[in-house]
Amino acid sequence: MAAIVRRQRQRRRVCWALVAVLLADLLALSDTLAVMSVDLGSESMKVAIVKPGVPMEIVLNKESRRKTPVIVTLKENERFFGDSAASMAIKNPKATLRYFQHLLGKQADNPHVALYQARFPEHELTFDPQRQTVHFQISPQLQFSPEEVLGMILNYSRSLAEDFAEQPIKDAVITVPVFFNQAERRAVLHAARMAGLKVLQLINDNTATALSYGVFRRKDINTTAQNIMFYDMGSGSTVCTIVTYQTVKTKEAGMQPQLQIRGVGFDRTLGGLEMELRLREHLAGLFNEQRKGQRGKDVRENPRAMAKLLREANRLKTVLSANADHMAQIEGLMDDVDFKAKVTRVEFEELCADLFERVPGPVQQALQSAEMSLDEIEQVILVGGATRVPKVQEVLLKAVGKEELGKNINADEAAAMGAVYQAAVLSKAFKVKPFVVRDAVVYPILVEFTREVEEEPGVHSLKHNKRVLFSRMGPYPQRKVITFNRYSHDFNFHINYGDLGFLGPEDLRVFGSQNLTTVKLKGVGDSFKKYTDYESKGIKAHFNLDESGVLSLDRVESVFETLVEDSPEEESTLTKLGNTISSLFGGGTTPDAKENGTDTVQEEEESPAEGSKDEPGEQVELKEEAEAPVKDASQPPPPEPKGDAAPEGEKATEKENGDKSEAQCLQILVTRFGF
């Protein structure tokens, strides 16, 4: 009896030990559940987190502010970030880097590189011959690429989030401008990897803003489509977006709200920074006039003085948004000479007159890409700090023809909150109410290839072919497959951007190369020699445009088919026993499972869902002879069959599988190539 009691005590101890281990594992897991978002603006950034017990919240920096300047000061043995770096900009302007995102993914001959050098002549940009890009030359021993500087900023944002959350954070969603191309998006991902961040998604800042707006107004969204225009003028650029909100039926969760990006327009250089630079130039001219008789140096040649003037111009722009005039004052601007001058709002508007004329441009672009008119827009909502300038609102109101502009959204934090909501969705660690997001491709992508054709007997010529992979304003993420069925030898094809006619000449120069990459396939001829008795089903290239809008070529493979006799073997005793046990526990093979089992060779190509072949996350097969037809997404889905009646397609499939199992089965061989 005593022995039995001892055994029970030992078992209890073991059980309690196991419970303690499980609790420890759960506690450790809860310490790593937090995720973050970084709304990376040109001038400042906002960081938000989600962790258990703390719903979406903006992170406060070390100065207890909700937004942090995107500035870094680099010295030999130390670095300064945020407000500390901003204060260092006056003392050491050459080592203080700002607005460097404009150089991401840009080659040295890009017009934006020359524009940056003209705006900030105190920075020395050196050429990187290996990458054909530029470096910041801080000193003879110190040089950094724009991606490395951005990596430092992202690492700093991570430290702010971890201090606020009091736990380590690795997963993040980062906002990027909607007009970023493939090179610019990959540069941001590269910077995030250097910072040790796992990027769940690069979300377009306009999409993040639209998501934030929809999440907090979920009850107002119904089956009737609502078209909302967001006009976002930030420090470095302006983006206009048309978004449609409505509830749609989903397979997983029934009726759920959805936002769809319908139209996008942008101006890469229209923003608050350009206004501040105009004011800085005006103040510099006033200071030079005041010292005209003193034979003083031009203030523009003094980097420290120009840094002071830029800071004062920033303050002046903010004050003039609420006042008719203001006095600009700087103590000891240069050579211990104080500067004081009165600037009126009228003067400011005259300095930026050509900028205000560009305000309606993104609106017209967005309407054109959405194929909509202003009458279909229910509301225009302002986003971004530069929209607080009264003249911007006046010109925009006249351009859209509405009674008033919507100001019912936090212009500074909307994108950060939308991005952190998406981070919670993607982390799978939080239970989040579904909100369907259908983002849109801004720059179309196509495949180009050349093959030999025989127009007449004995007369051969080369034919150049183009096949659109991802069309402009088509939804993403999605996968597509293009089939080359007239090649039996090694060949090349090019992946390029499509028609960019909607961009102006200057935007095209800033955009850079329109060739993404050239793919050289090897081993095609060897595969045809190896499988001479098989029928070729073409060479399939699988493309993926992921959630971050980054294109990748997953694989290229050659598919061969042949018919072989079906000779089913007698099941072994162990197989029968296993099947019997499985059926006892509810794991038996169902008819549906059998059907799926016959189609395992096609698992790499997901079947299209209802509606359009361009639904997010799906694959579309494009033949070499012609592009695959794209169904209209606006068409209603086919009615569901009543009772036990199966759709005709399913019946046909069952019949095919039945015939195949009786007589012959299809054997498919897949050969993958290196490229």
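Residues numbered from 1 in each chain as written. Predicted model: local features only at pLDDT ≥ 70, side-chain atom pairs only at ≥ 80, totals over all residues. Heavy atoms only, no water.

For the chain, an unreviewed UniProt entry supplies the name Hypoxia up-regulated protein 1 and the organism Cebus imitator. The Sequence similarities (unreviewed entry) comment attached to the chain in UniProt states, word for word, "Belongs to the heat shock protein 70 family." According to UniProt, the comment filed for the chain under the heading Subcellular location (unreviewed entry) is "Endoplasmic reticulum lumen". (UniProt positions renumbered as here; feature names shortened; annotations may be inferred.)

Counting buried residues in strand 23 (residues 478-484) gives six out of seven residues, a clear majority hidden from the surface. Both strand 23 and strand 26 (residues 535-545) contribute to a ladder of seven bridges, which runs antiparallel. Of the residues in strand 26, the one forming a bridge with Arg479 is Asn544. (Buried < 20%, exposed > 50% of the residue type's maximum accessible area, 1.4 Å probe, protein only. Helix = DSSP H or I, 4+ residues; strand = E, 2+ residues; numbered from the N terminus. Pairing = 2+ DSSP bridges.)

A few words on the side chain of Glu276. Tracing the backbone through its elements, the reader meets Glu276 in helix 7 (residues 272-290). What makes Glu276 buried here is its relative accessible area of 2%. Separated by 3.1 Å, the side chains of Glu276 and Lys317 make a polar contact. Filtering out sequence-adjacent residues up to four positions away, Glu276 remains in contact with Glu43, Tyr99, Leu310, Ala313, Asn314 and Lys317. (Polar contact = N/O pair within 3.5 Å; in protein donor to acceptor, adjacent residues only side chain to side chain. Contact = heavy atoms within 4.5 Å.)

This part covers the packing of helix 4 (residues 146-165) against helix 5 (residues 182-194). The packing of two helices is summarised by the inter-axis angle and the distance between the axes. Viewed as axis vectors pointing N to C, helix 4 and helix 5 meet at an angle of 55°, and their least axial separation amounts to 8 Å. Our classification of the angle between helix 4 and helix 5 gives oblique. Where helix 4 crosses over helix 5, the two elements pack in a sense that is right-handed. Residues Glu147, Glu148, Leu150, Gly151 and Leu154 of helix 4 lie in contact with helix 5, whose contacting residues are Ala187, Val188, His190, Ala191, Ala192 and Met194. Within the contact of helix 4 with helix 5, the residues separate by chemical class into seven nonpolar, two polar and two charged. (Axes fitted to C-alpha atoms, helices over the stretch in contact; angles between N-to-C directions. Parallel < 35°, antiparallel > 145°, perpendicular 65-115°, else oblique. Left-handed = near helix turned anticlockwise from the far one by under 90°. Nonpolar A, V, L, I, M, F, W, Y, C, P; charged D, E, K, R; others polar.)

Bringing the pattern of salt bridges into the picture now. Oppositely charged side chains are able to pair whenever their charged atoms sit close together. In the structure shown here, the tally under the stated rule is 24 salt bridges. A salt bridge links Asp39 to Lys46, with the shortest nitrogen-to-oxygen separation between them at 4.0 Å. No difference in accessibility class separates Asp39 from Lys46, as the two residues are buried. The closest approach of N and O atoms between Arg509 and Glu506, which form a salt bridge, is 2.4 Å. You can see Arg509 and its partner Glu506 sitting in helix 14 (residues 505-511), three residues apart, about one turn around the helix. Residue classification places Glu506 among the partly exposed residues on the basis of a relative accessible area of 41%. (Salt bridge = Lys/Arg side-chain N within 4 Å of Asp/Glu carboxyl O.)

Turning to the pairing of strand 5 (residues 71-74), a few remarks are in order. Residues of strand 5 alternate between two faces, with Ile71 and Thr73 on one and Val72 and Leu74 on the opposite face, all of them buried. Two elements, strand 5 and strand 7 (residues 96-98), share three bridges in a ladder whose sense is antiparallel. When the bridges of strand 7 are listed, Ile71 appears paired with Arg98. Bridging between strand 5 and strand 6 (residues 79-81) involves three bridges; their strand directions are antiparallel.

Within the largest apolar cluster, 109 residues are counted, with the highest numbers of intra-cluster contacts made by Phe230, Tyr245, Phe484, Phe493 and Phe543. The dominant element in this core, judged by the number of residues it contributes, is helix 4, at nine residues. Among the nonpolar cores identified, the runner-up in size contains 46 residues, and Phe287, Leu309, Ala366 and Leu367 belong to it. (Core = buried A, V, L, I, M, F, W, Y, C linked by side-chain atoms within 4.5 Å.)

Turning to the packing of aromatic side chains, a few remarks are in order. Geometrically, a pair of aromatic rings is defined through the distance of the ring centres and the angle of the planes. Evaluated as defined, the whole model comprises 24 aromatic pairs. With centroids separated by 5.7 Å and ring planes inclined at 15°, the aromatic side chains of Tyr99 and Phe120 adopt a geometry described as stacked. Linking Tyr99 in the loop between strand 7 and helix 3 (111-119) with Phe120 in the loop between helix 3 and strand 8 (125-128), this pair joins segments that are 21 residues apart in sequence. Side by side, Tyr99 and Phe120 carry an identical accessibility label, which is buried. Taken together, a centroid distance of 5.4 Å and an interplanar angle of 40° make the contact between Phe179 and Phe266 tilted. In this pair, Phe179 is assigned in the loop between strand 11 (171-176) and helix 5 and Phe266 in strand 15 (residues 254-267), connecting sequence segments 87 residues apart. You can call Phe179 buried: its relative accessible area is 5%. Cluster of aromatic residues (ring-pair linked, three or more members): Phe449, Phe484, Tyr487, Phe491, Phe493 and Phe543. The ring of Phe502 carries Arg472 above its face, with NZ or CZ at 3.7 Å from the centroid. (Phe/Tyr/Trp six-rings, centres within 6.5 Å; stacked < 30°, edge-to-face > 60°. Lys NZ or Arg CZ within 6 Å of the ring centre and 35° of its normal.)

An order of 8-9-10 is seen for the three strands of this open sheet, with the pairing classed as antiparallel. Across the chains shown, the open sheet's two edge strands, defined by having one partner strand only, are strand 8 and strand 10 (143-144). Note: strand 9 (residues 133-137) against strand 10, two bridges, orientation antiparallel. Across the sheet, the residue bridging to Phe136 is Phe144, located in strand 10.

Two elements in contact, helix 2 (residues 82-91) and helix 8 (residues 303-320), have axes separated by 7 Å at closest approach and are oriented at 135°. One way to sum up the angle between helix 2 and helix 8 is to call them oblique. In contact with Ala89, Ile90 and Lys91 of helix 2, helix 8 contributes Arg304, Ala307, Lys308 and Arg311. Residues belonging to the contact of helix 2 with helix 8 are distributed by class as follows: three nonpolar, no polar and four charged.

The next thing to look at is the confidence of the model for the chain. The pLDDT averaged across the chain works out to 82; a share of 79% of its residues lies at or above 70. Low confidence marks residues 23-31, where pLDDT is under 50. Its contacts with residues over four positions away, or in another chain, come to four contacts. Every residue in residues 576-620 is under pLDDT 50, and counting partners more than four places away or in other chains gives 61 contacts. (pLDDT = per-residue confidence, 0-100.)

This part is about helix 13 (residues 414-427). Helix length check: helix 13 (14 residues) gives 20 Å between terminal C-alpha atoms against 20 Å at 1.5 Å per residue, within 8%. With twelve of its 14 residues buried, helix 13 lies for the most part within the structure. Buried within helix 13 are the following residues: Ala414, Ala415, Ala416, Met417, Gly418, Ala419, Val420, Tyr421, Gln422, Ala423, Ala424 and Ser427. Buried positions along helix 13 lie against strand 1 (35-40), strand 2 (44-51), strand 3 (54-58), strand 11, strand 12 (198-204) and helix 6 (205-215). In the segment just after helix 13, Lys428 is the residue with positive phi, at about 65°. (Expected span 1.5 Å × (residues − 1).)

Of note, Asn544 is situated in strand 26. Setting aside chain neighbours within four positions, we find Asn544 in contact with Gln478, Arg479, Val550, Leu551, Ser552 and Asp554.

Listed in full, the buried residues belonging to helix 12 (residues 390-400) are Val392, Gln393, Val395, Leu396, Ala399 and Val400. Buried residues along helix 12 sit in contact with strand 13 (226-233), helix 7, helix 10 (353-357), helix 11 (361-370) and strand 18 (379-383). Immediately beyond the C-terminal end of helix 12, within one or two residues, lies Gly401, with a positive phi of roughly 65°.

If you trace the four strands from one edge of the open sheet to the other, you get 21-20-24-25, paired in antiparallel fashion. In this open sheet, the two strands that pair with only one neighbour each are strand 21 (459-470) and strand 25 (515-520). Strand-to-strand, the axes of this sheet are offset by a mean angle of 25°, without reference to chain direction. As defined by bridge partners, strand 20 (residues 445-456) adjoins strand 24 (residues 492-497) across four bridges and the pair is classed as antiparallel. Its bridge partner being in strand 24, Ile445 is matched across the sheet by Tyr497.

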